[in-house]
Amino acid sequence: MAQQVRAVIAKAKGEPVSIETIEVPDPGPGEALVAVQACGVCHTDLHYREGAINDEFPFLLGHEAAGVVEAVGDDVTGVAPGDFVILNWRAVCGNCRACLRGRPWYCFATHNATQKMTLDGQELSPALGIGAFAEKTLVAAGQATKVNPEAQPEVAGLIGCGVMAGLGAAMNTGGVGRGDSVAVFGCGGVGDAAIEGSRLAGAHTIIAVDIDDTKLEWAREFGATHTINSTREDPVERIRELTGGHGVDVAIEAIGLPQTYEQAFYARDLAGVVVLVGVPNPEMRIELPMIEIFGRGGVLKSSWYGDCLPSRDFPMLIDLYLQGRLNLERFVSETISLEGVEEAFHAMERGEVLRSVVVV
Ligand code: APR
Ligand code: ZN
Ligand code: ZN
């Protein structure tokens, strides 16, 4: 029987979110009902509320979550009631041209639950196909990845979005390896996770660039070996100085701005890698001399969701965390209730937090 649960809803563009009672159907074929335990507040949730993603209001926000499977559809075999899971917004299809070529982390046909959750009979649009600022949510079974239940939910959920994006930008997209030098532009949750991922992958020089000294202090806690405040010094020149005049092997842009992308482009060594994980807006443009693109060689890449494969990466990262090798707790700036989401958006806008995490 469908259940009534409390949830955070964005009803109209730019309006504060509200707590509503929504209806969640029983799982049908291919679906799983998950009792949410924790869900991080991500920029994307705010972008939905601001109407910057699309106009399909009302939105059920939240997408960076961990919880316990309560029920599954008849045909579901991958997860079972009682499993501790992290939700992902890339349930690989297995059949698209990316999947068929053996590159499922690029899956072009990811899927969500078929049935809709509703508010007073009106269909809700769940953020990134998840909608986890709710006591319970309905997802496609492939969106729930089983991990070791010893991990705290408020920490585990972070792997579902921002932290995975940053870790993966370094470890998967950038291919950071032992002895590499790395520069990370922007030290929010995503950039700090890229720093953490670079450390874990064995980078020996990790240079953090930001315009905020507090963020740079935090970046050191994650493993930055050097920091640059780019309001006070030219980051490209300073990065060259710190790397014997050459530039870094991997430059990661974790903001989504033309000027910092250009800094990343010029801060890398010959044959180096530039990774764009920050999300630009549609109006942004960059201009680069084409000869520099050719002459520097190497690769310019974008990182979607850290190019992660949830089934491969989520359990592995949680195991590393439980072994004390991955510092996930430091990303949790505060834990809040569902009622605290609106205020958490403001704290995020003021740059005060890495992550506010709703504990349900
Ligand atoms: N130069 C250097 N650092 C900058 C600049 C700049 N011009 N402008 C902003 N920053 C810094 C901020 O001070 C902050 O520390 O970039 C950081 C951005 O962090 P957050 O706003 O917390 O964003 P985060 O959650 O880390 O996401 C970063 O990745 O996935 C995307 O959509 C996400 O585009 C966003 C980016
Ligand atoms: Zn696919
Ligand atoms: Zn997110």
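These numbers were taken from a predicted model, which means no experiment stands behind them.

## Some remarks on the overall build of the protein chain
Here is step 1 of the chain: For the protein chain, the count of helices and strands is 11 helices and 19 strands.
Here is step 2 of the chain: Relative to a compact globule of 360 residues, whose C-alpha radius of gyration would be 21 Å, the protein chain shows 20 Å and is just as compact.
Here is step 3 of the chain: Within the protein chain, counting contacts between residues at least 6 apart in sequence, those at least 24 apart form 71% of the total.

## Notes on helix α10 (residues 310-322)
Here is step 1 of the chain: For α10, with 13 residues, the first-to-last C-alpha span of 18 Å sits near the 18 Å given by 1.5 Å per residue.
Here is step 2 of the chain: All buried positions along α10 are accounted for by Pro310, Asp313, Phe314, Leu317, Ile318 and Tyr321. Looking straight down α10, one finds that the buried residues subtend no more than 120° of arc, so they occupy a single side.
Here is step 3 of the chain: In this structure, the buried residues of α10 make contact with β6 (84-87), β11 (144-146), α3 (153-156) and α4 (162-173).
Here is step 4 of the chain: Directly after α10, the chain includes Gly324, whose backbone phi takes a positive value near 80°.

## Comments concerning the domain arrangement of the protein chain
Here is step 1 of the chain: Its domain assignment divides the protein chain into domain 1 (3-160 + 327-359) and domain 2 (166-304).
Here is step 2 of the chain: For domain 1 versus domain 2, the separation of C-alpha centres amounts to 29 Å.
Here is step 3 of the chain: Taken together, the contact pairs six residues of domain 1 with seven residues of domain 2.
Here is step 4 of the chain: Across the side of domain 1 that touches domain 2, the residue classes tally to two nonpolar, two polar and two charged.

## A few points about the site of ligand 1
Here is step 1 of the chain: What surrounds ligand 1 is a group of 26 residues, the closest being Gly186, Gly188, Val190, Gly256 and Val279.
Here is step 2 of the chain: Those elements that provide at least two residues to the shell around ligand 1 are α4, α5 (189-201), β13 (205-210) and α8 (258-266).
Here is step 3 of the chain: Per-element tally for the shell around ligand 1: the top contributor is α5, with three residues.
Here is step 4 of the chain: For the shell around ligand 1, a count of residues per class yields 11 nonpolar, 12 polar and three charged.

## Considering the nonpolar core
For soluble globular proteins, the rule of thumb is that nonpolar side chains tend to be buried together.
Here is step 1 of the chain: Judged by nonpolar contacts, the single largest core of 119 residues is most densely connected at Val184 and Ile252.
Here is step 2 of the chain: Ranked by the residues each element gives to this core, the list is headed by α4, at seven residues.
Here is step 3 of the chain: When neighbours within four sequence positions are excluded, Ile252 is seen to be in contact with Ala169, Ala170, Gly174, Val182, Val184, Phe185, Ala194, Val275 and Val277.

## Quick word on the sheet that holds strand β12 (residues 181-185)
Here is step 1 of the chain: Strands sit in the order β14-β13-β12-β15-β16-β17 across an open sheet of six strands; the sheet is parallel. If you trace the sheet from one side to the other, it starts and ends with β14 (226-229) and β17 (299-302), each paired once. Taking the axes of each pair of neighbouring strands and ignoring which way they run, one obtains an average angle of 15° across the sheet.
Here is step 2 of the chain: In the sheet, β12 pairs with β13 via five bridges, with the strands oriented parallel. Along β13, the bridge assignment pairs Ala183 with Ile207.
Here is step 3 of the chain: Sheet strands touched by α8: β12, β15 (248-253) and β16 (268-276). Its angle to β16, the strand with the most contacts, is close to 150°.

## Some remarks on the environment of Arg103
Here is step 1 of the chain: Relative to the elements of secondary structure, Arg103 occurs in the loop between α2 (97-100) and β7 (118-119).
Here is step 2 of the chain: The spatial distance from the C-alpha of Arg103 to the C-alpha of Val92 is 10.0 Å, given a sequence separation of 11 residues.

## Quick notes on the packing of α4 against α5
Here is step 1 of the chain: Running from N to C, α4 and α5 cross one another at 45°; their axes reach a closest spacing of 7 Å. In terms of axis orientation, α4 runs oblique to α5. The handedness of the crossing between α4 and α5 comes out as right-handed. Residues Gly162, Val163, Ala165, Gly166, Leu167, Ala169, Ala170 and Met171 of α4 touch α5, and the partners they reach there are Gly189, Val190, Gly191, Asp192, Ala193, Ala194, Glu196, Gly197, Ser198, Leu200 and Ala201.
Here is step 2 of the chain: Split by residue class, the contact of α4 with α5 holds 11 nonpolar, six polar and two charged.

## Section: the environment of His226
Here is step 1 of the chain: With respect to the helices and strands, His226 occurs in strand β14.
Here is step 2 of the chain: Apart from the residues lying within four places of it in its own chain, the contact partners of His226 are Thr205, Ile207 and Leu242.

## A closer look at the pairing of β16
Here is step 1 of the chain: With seven of nine residues buried, β16 lies mostly within the body of the structure.
Here is step 2 of the chain: Where β15 lies against β16, five bridges are found, and the strand directions are parallel. Along β16, the bridge assignment pairs Val250 with Val273.
Here is step 3 of the chain: This β-α-β element, β15 to α8 to β16, shows right-handed connectivity.

## Some thoughts on unusual backbone geometry
Trans peptide bonds make up most of the peptide bonds, and negative phi angles are found at most residues other than glycine.
Here is step 1 of the chain: Here the bond from Phe57 into Pro58 is cis, since omega is -5°, no more than 30 degrees from zero.
Here is step 2 of the chain: Its identity as a non-glycine residue notwithstanding, Leu128 has a phi of 50°, on the positive side.
Here is step 3 of the chain: If you trace the backbone, Leu128 turns up in the loop between β9 (125-126) and β10 (136-140).
Here is step 4 of the chain: You will see that Ala271, though not glycine, has its phi angle at about 65°, which is positive.
Here is step 5 of the chain: Counting through the fold element by element, Ala271 comes out in strand β16.

Conventions and cut-offs
- Residues numbered from 1 in each chain as written.
- Chains lettered and ligands numbered in written order.
- Predicted model: local features only at pLDDT ≥ 70, side-chain atom pairs only at ≥ 80, totals over all residues.
- Helix = DSSP H or I, 4+ residues; strand = E, 2+ residues; numbered from the N terminus.
- Rg over C-alpha atoms; globule rule 2.2 N^0.38 Å.
- Contact = placed C-beta atoms within 7 Å.
- Expected span 1.5 Å × (residues − 1).
- Buried ≥ 20, exposed ≤ 12 C-beta atoms within 10 Å, placed from the backbone.
- Arc of directions from axis to C-beta.
- Domains from an automatic or database assignment.
- Nonpolar A, V, L, I, M, F, W, Y, C, P; charged D, E, K, R; others polar.
- Near = placed C-beta within 6 Å.
- Core = buried A, V, L, I, M, F, W, Y, C linked by C-beta atoms within 7 Å.
- Pairing = 2+ DSSP bridges.
- Axes fitted to C-alpha atoms, helices over the stretch in contact; angles between N-to-C directions.
- Parallel < 35°, antiparallel > 145°, perpendicular 65-115°, else oblique.
- Left-handed = near helix turned anticlockwise from the far one by under 90°.
- Right-handed = clockwise from strand over helix to strand, strands pointing away.

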